[in-house]
Amino acid sequence: MERTVLNIVVVGSINMDFVCYIRKLPQLGETVQSYKTETKSGGKGANQAVAAALSGGNVTLIGAVGNDFYSRDILFGIKKYQVNTDRVLWKDSDIGTSFVVVDETGQNNVFLSEGANGCLTVEDLQGLPELFDSSSVLLVQNEIPWACTRYALEAAKQRGVQTYYNPAPASEIEEVVFPLIDVMILNESEAEFITSIRLEDDLSNIRQAASQIIALGVKEVIITLGEKGSLYMNHQEEAVFTSAYPVQVVDTTAAGDTFIGSFIVARQQGMTIKDALQRASAASAIAVSRAGAQESIPNVEEIANFLERCST
Ligand code: RIB
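For every chain, the first residue of the written sequence is number 1, and numbering continues from 1 along that sequence. Given that the model is predicted, a residue must reach a pLDDT of at least 70 before its local features are reported, and side-chain atom pairs must reach 80 or more before they are shown or counted; all residues, however, enter totals for whole chains, interfaces and linings. Water and hydrogen atoms play no part in the side-chain values, which are based on all heavy atoms of the structure.

**Remarks on the site of the ligand**
Taken together, Asn15, Asp17, Gly42, Gly43, Lys44, Asn47, Ser98, Leu112, Glu143, Ala254, Asp257 and Ala293 make up the full set of residues adjacent to the ligand. For this analysis, a polar contact is any N or O atom pair within 3.5 Å, provided that within protein one partner can donate a hydrogen and the other can accept it, and provided that sequence-adjacent residues contribute only side-chain to side-chain pairs. Side-chain polar atom of Asn15 to an oxygen atom of the ligand: 3.1 Å apart, as the coordinates give it. A distance of 2.6 Å is found between an oxygen atom of the ligand and a side-chain nitrogen or oxygen belonging to Asp17. Accessible surface area values rest on a Shrake-Rupley calculation with a 1.4 Å probe, where residue burial reflects the displayed protein chains alone. A total of 270 Å² of accessible area belongs to the ligand in isolation, and the protein chains cover 95% of it. Sorting the residues of the shell around the ligand by element identifies strand S2 (15–21) and helix H1 (44–54) as the ones contributing at least two each. Residues belonging to the shell around the ligand are distributed by class as follows: three nonpolar, five polar and four charged. Nearness is defined per residue: one heavy atom within 4 Å of the molecule or strand is enough. Under the scheme used here, helices are H or I runs from DSSP no shorter than 4 residues and strands are E runs no shorter than 2 residues, and both carry numbers assigned from the N terminus. Each residue is assigned to one class: nonpolar for Ala, Val, Leu, Ile, Met, Phe, Trp, Tyr, Cys and Pro, charged for Asp, Glu, Lys and Arg, and polar for all the others, Gly among them.

Pasting the structure below:
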């Protein structure tokens, strides 16, 4: 695959996902039998790095793994997707883990244990100055210590690197950080958390939430709406709505991660917002129709074939 886009650096989490497939999510205190349990490569940072690489991006992942036997396997797996993992740090800890429960409609609940992700420090990132100098895009999420996310955004901004932030899972964001963000991509519940606006099916609420995020200092925002599509807005309040592609949902894990990685590469390749959103929606539609996190993410040919099938 020809890699035409400039360097993307992802500073984020690397997890081992323990995935339990069940018919129906349990009530409080209830025990339910899983009909299948698997271990898979995950973590929002790693998933987004893989999605960008499979879409044709030149991607370097910065993060931390542990000294347990899973870590080597997981890193080896990420490398297979052509993500540069040379700067991943080895910590005296266990790998980050995530316990994912998927019900028969494909919806999930996730429980996180940060492990080595929580051992990443600002000093570690300061030890990699060339990182931002050779990059054109930084992508961060909320699964590493907040000080690292904030430092990465500040360092990237100082060097004129374009910054993408996926504030997931939702947690408090210091106000000073919003103006450091060029593009924020988040889902409905994360947008509700930031804006306190209850996002029901009404598109006007979603526009209002997007506009409130822009008012905080973010240049462009995309709110992903699951099967309803996604809404983009920029600081001139120009909005673009894109519908989702209807597919049979198997597992929604990493759907958002796939959208983000694919969108960034599409934009770096010079696509219009509308085309980049469509490409990202197609990528995430394919991901939800398959099980797992990284292994559900499509490559550029699969996305192109899907889009072609949808247009005929
Ligand atoms: O976004 C999906 C990811 O969130 C999973 O792979 C899991 O590791 C959690 O971090």
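What follows picks up the thread again.
**A short note on the sheet that holds strand S7 (residues 96–102)**
Taken in spatial order, the four strands make up an open sheet running S3-S2-S7-S8, and their pairing is mixed. Each end of this open sheet is capped by a strand with a single partner; those strands are strand S3 (36–42) and strand S8 (108–113). Each adjacent strand pair in this sheet contributes to an overall mean axis angle of 20°, direction not counted. Whether two strands pair depends on DSSP finding at least two bridges between them. In the sheet, S2 pairs with S3 via seven bridges, with the strands oriented antiparallel. By the bridge assignment, Cys20 is partnered in S3 with Thr37. Note on definitions: a residue-residue contact is assigned when non-hydrogen atoms from the two residues lie within 4.5 Å. Fitting a line to C-alpha atoms yields each axis, with helices limited to the stretch in contact; the angle taken between N-to-C directions then spans 0 to 180 degrees. Against the sheet, helix H2 (residues 69–80) engages S2 and S3, with an angle of about 90° to S2.

**Considering the environment of Ile297**
Of note, Ile297 is situated in the loop between helix H9 (273–288) and helix H10 (300–311). Residues Ile297 and Ile214, spaced 83 residues apart in sequence, show a C-alpha to C-alpha distance of 29 Å. Dropping the residues within four chain positions of it, Ile297 is found in contact with Asn47, Val50, Ala51, Leu54, Thr258, Arg290 and Glu302.

**Remarks on unusual backbone geometry**
With the exception of glycine, the majority of residues adopt a negative phi angle, and the majority of peptide bonds are in the trans configuration. The omega torsion of the bond from Ala168 to Pro169 falls at -10°, within 30 degrees of zero and hence cis. Within the element layout of this structure, Pro169 appears in the loop between strand S10 (162–165) and strand S11 (183–187). Of note in this structure, Gln82 is not a glycine but carries a positive phi near 70°. Tracing the sequence through the fold places Gln82 in the loop between H2 and strand S6 (89–90).

**Quick word on the pairing of strand S1 (residues 7–11)**
Buried residues are those whose accessible area, probed at 1.4 Å on protein chains only, stays under 20% of the maximum for their type, while exposed residues exceed 50% and partly exposed ones sit between those limits. Of all five residues that make up S1, four are buried, and the element is covered over most of its length. In terms of strand pairing, S1 meets strand S4 (residues 58–62) through five bridges, oriented parallel. The partner of Asn7 across the bridge, within S4, is Asn58. Two strands pair when backbone bridges link them, and S1 and strand S9 (residues 137–140) are joined in this way by four bridges, in the parallel orientation. When the sheet's bridge partners are listed, Val9 is paired in S9 with Leu138.

**What to know about the packing of H1 against helix H8 (residues 255–268)**
It is the contact of H1 with H8, at a shortest axis distance of 7 Å, that shows an interaxial angle of 45°. Here H1 is positioned oblique relative to H8, judged by the angle of their axes. The element H1 and its partner H8 pack so that their crossing is right-handed. Across the interface between the two elements, Lys44, Asn47, Gln48, Ala51 and Ala52 from H1 touch Asp257, Thr258, Ile260, Gly261, Ser262 and Val265 from H8. Broken down by class, the residue content of the contact of H1 with H8 amounts to four nonpolar, five polar and two charged. Each angle gets one of four labels, with under 35 degrees taken as roughly parallel, over 145 as roughly antiparallel, 65 to 115 as roughly perpendicular, and the rest as oblique. By definition, any crossing whose near helix is turned counterclockwise from its far helix by less than a right angle is left-handed, and any crossing with a clockwise turn is right-handed.

**As for the nonpolar core**
Here, the term nonpolar core denotes a set of buried Ala, Val, Leu, Ile, Met, Phe, Trp, Tyr and Cys residues that are joined through side-chain atoms within 4.5 Å. Membership of the largest hydrophobic core comes to 44 residues, with the highest contact counts inside it found for Val11, Phe132, Leu138, Met184, Val221 and Ile223. Of the residues forming this core, the biggest block, six residues, is contributed by helix H5 (residues 146–158). Excluding residues within four positions of it along the chain, Leu138 makes contact with Val9, Val11, Phe132, Ala152, Leu153, Ala156, Val161, Gln162, Thr163 and Tyr164. Ile8, Ala53, Phe263 and Ala276 belong to the second-largest nonpolar core, a separate cluster that totals 39 residues.

**Some remarks on H8**
One turn of an α-helix holds 3.6 residues; hence residues three or four places apart share an orientation. Helix length check: H8, at 14 residues, gives a terminal C-alpha distance of 20 Å against a target of 20 Å (1.5 Å per residue), a fit within 8%. Extensive coverage of H8 is indicated by the burial of 11 of its 14 residues. When we look at burial in H8, the residues that qualify are Ala255, Asp257, Thr258, Phe259, Ile260, Gly261, Ser262, Phe263, Ile264, Val265 and Ala266. With its phi angle positive at about 90°, Gly270 sits one or two positions after the end of H8. Here the expected length of a helix is defined as 1.5 Å per residue gap, with one fewer gap than residues.

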